[in-house]
Amino acid sequence: MNFASDNVVGASAPILEAIVRHNGGAMPAYGADPLTLGLTPRFRTLFDHSDLAVFPVATGTAANALALSVMVPPFGLCVCHEEAHVMEDECGAPEFYTHGAKLHGLPGAGGKIATETLDTFLSGLTRHVKQMPPRALTLSQLTESGQAYTVEEISGLSRIAQDHGLAVHMDGARFANALQALGCSPAEMTWRAGIDILSFGASKNGALAAEAIVVFRPELAETLEFRRKRAGHILSKGRFLAAQLDAYLTDDHWLANAAHANRMAARLAAGLSEISGVRLAWPVQGNELFPILPVRLDAALRRGGAVYYDWTSRSLPAGERLREGERMIRLITAFSTSEAEVEEFLELARRIHG
């Protein structure tokens, strides 16, 4: 019953099999192998975009930080949600790779930035040499509260950003989960809605260690290959990154993995909602849920073998707050979460507090 995260489980069988299958023999190094070269047409078809560029990397931190480095100069400002992963969980990597640019976090319920909030902030900035000029907006999809920006919300935020001269980045660590939740196409959720660069996540959804920086504006891709090499993120045996991404996309494996994880989260949410004294901080839209439950139930679940994280958030819905004797936790399901695990957790909760 481990619901700590979707990166605590192993890799999926098709991805491991692909690594083994492409292990034999010699291939050109540093991304010159046929598998890596084949990713560009693969992603262009997937996103219905004839000019996009793809840069595989091993971690989401590298994907986000390198993407922002081509959008924001050292004297620039990157706008994000105040609880965004790039803001709180990447040890200053975006600031490091941009050589000193600053992140500015905005508030918003459910980890989302509202269009009005963004417009008010950008319109209120002074145009003075003392003020770091805003150069990029980054959106987390899903958010740190498990919420999905709708296509309309992405489009609205992108328009405001563009009106103020900002490029737009999407942190898609759980891109597939959001896509399944919204039922739209990859193109609709990205470049057609105004996204300039996407960090396309795979590691949380079945890959061993593979992400892709997907650049929809060719001019933003011009220096990225050099930045990636200088940062130490071009693997000499790049075929193993490409093998993972190739298997991830084959036969919609990535979508099937995300759909399963989302279903398990929905099942957990439905079962917990039936237990007295338990409520959800936000609706479940992907593979994350945030129950608020009695401290006594939390302690008993942990004693019973359940693994998950405590959670705090400044972006609770208006009027929602923790009451005395309550605790908020985070549960995350993965492509490999079984129905048996979910039912064991729910049965334990029912016995304790049903």
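About the cut-offs
- Residues numbered from 1 in each chain as written.
- Predicted model: local features only at pLDDT ≥ 70, side-chain atom pairs only at ≥ 80, totals over all residues.
- Heavy atoms only, no water.
- Buried < 20%, exposed > 50% of the residue type's maximum accessible area, 1.4 Å probe, protein only.
- Helix = DSSP H or I, 4+ residues; strand = E, 2+ residues; numbered from the N terminus.
- Pairing = 2+ DSSP bridges.
- Axes fitted to C-alpha atoms, helices over the stretch in contact; angles between N-to-C directions.
- Parallel < 35°, antiparallel > 145°, perpendicular 65-115°, else oblique.
- Left-handed = near helix turned anticlockwise from the far one by under 90°.
- Contact = heavy atoms within 4.5 Å.
- Nonpolar A, V, L, I, M, F, W, Y, C, P; charged D, E, K, R; others polar.
- Salt bridge = Lys/Arg side-chain N within 4 Å of Asp/Glu carboxyl O.
- Phe/Tyr/Trp six-rings, centres within 6.5 Å; stacked < 30°, edge-to-face > 60°.
- Core = buried A, V, L, I, M, F, W, Y, C linked by side-chain atoms within 4.5 Å.

1. Brief notes about helix 4 (residues 60-69)
For helix 4, a buried count of eight out of 10 residues is recorded, marking the element as mostly surrounded by other parts of the structure. Among the residues of helix 4, Ala 62, Ala 63, Asn 64, Ala 65, Leu 66, Ala 67, Leu 68 and Ser 69 are the ones counted as buried.

2. Some words on the sheet that holds strand 6 (residues 197-201)
Overall, mixed pairing links the seven strands, which are arranged 1-7-6-5-4-2-3 in an open sheet. Of all the strands in the sheet, just strand 1 (53-57) and strand 3 (102-106) have a single pairing partner and so form its edges. Ignoring strand direction, the axes of neighbouring strands in this sheet form an average angle of 20 degrees. Here strand 2 (residues 77-81) runs beside strand 4 (residues 134-140); their pairing, made up of three bridges, is parallel. Residue pairing across strands places Val 79 opposite Leu 137, the latter belonging to strand 4.

3. Brief notes about the packing of helix 3 (residues 39-46) against helix 11 (residues 239-249)
Put simply, helix 3 and helix 11 touch, their axes get as near as 11 Å, and they point 30 degrees apart. Taken together, helix 3 and helix 11 sit at an angle that is classed as roughly parallel. In this structure, the crossing between helix 3 and helix 11 has a hand that is left-handed. Of the residues in helix 11, those touching helix 3 at Leu 39, Arg 42, Phe 43 and Leu 46 are Ala 242, Leu 245, Asp 246 and Leu 249. Here the contact of helix 3 with helix 11 is built from residues that sort into six nonpolar, no polar and two charged.

4. A look at the pattern of salt bridges
Inspection of every chain in the model, using the stated rule, returns 19 salt bridges. Its salt-bridge partner being Arg 314, residue Glu 88 comes within 3.0 Å of it at the nearest N-O pair. Remark: Arg 314 occurs in the loop between strand 11 (309-310) and strand 12 (326-332) and Glu 88 occurs in helix 5 (residues 85-88); sequence separation between them is 226 residues. A salt bridge links Arg 228 to Glu 225, with the shortest nitrogen-to-oxygen separation between them at 2.6 Å. Here Arg 228 pairs with Glu 225, and both are found in helix 10 (residues 224-230), just three residues apart, close to one helical turn. Under the relative-accessibility criterion, Glu 225 is labelled partly exposed at 32%. What emerges from the salt-bridge pattern is a single network uniting Arg 279, Glu 320, Arg 323 and Glu 326.

5. Focus on the packing of aromatic side chains
In this structure the tally under the stated criterion is 15 aromatic pairs. Considering the side-chain rings of Tyr 248 and Trp 254, the 6.1 Å spacing of their centres and the 45 degrees angle between planes classify their relative orientation as tilted. Overall, the relative accessible area of 0% leaves Tyr 248 in the buried class. By relative accessible area, which is 1% here, Trp 254 ends up buried.

6. What to know about unusual backbone geometry
Of note, the amide linkage connecting Gln 141 to Leu 142 takes the cis form, showing an omega dihedral of 5 degrees. A positive phi angle, close to 55 degrees, is found at Tyr 30, a residue other than glycine. Note on placement: Tyr 30 falls in the loop between helix 1 (13-21) and helix 2 (34-37). Positioned with a positive phi, Asp 252 is a non-glycine residue whose angle comes to about 55 degrees. By secondary structure assignment, the location of Asp 252 is in the loop between helix 11 and helix 12 (253-273).

7. Some words on the nonpolar core
Of all hydrophobic cores here, the largest spans 56 residues; its most connected members are Phe 43, Leu 118, Leu 137, Phe 175, Phe 200 and Trp 254. For this core, the element with the most residues is helix 11, which contributes eight residues. The next biggest cluster of nonpolar side chains, apart from the first, holds 25 residues, and it includes Ala 65, Leu 66, Val 72 and Tyr 97.

8. Focus: the pairing of strand 12
Across the seven residues of strand 12, six count as buried, placing the element largely inside the fold. Two elements, strand 9 (residues 288-289) and strand 12, share two bridges in a ladder whose sense is antiparallel. What sits directly across from Glu 288, in strand 12, is Ile 332. As defined by bridge partners, strand 10 (residues 291-294) adjoins strand 12 across three bridges and the pair is classed as antiparallel. Paired with Ile 292 across the two strands is Met 328, which belongs to strand 12. Alignment of strand 11 against strand 12, held across two bridges, turns out to be antiparallel. When the bridges of strand 12 are listed, Tyr 309 appears paired with Arg 330.

Interpretation note: all reported values are geometric properties and have no functional meaning in isolation.
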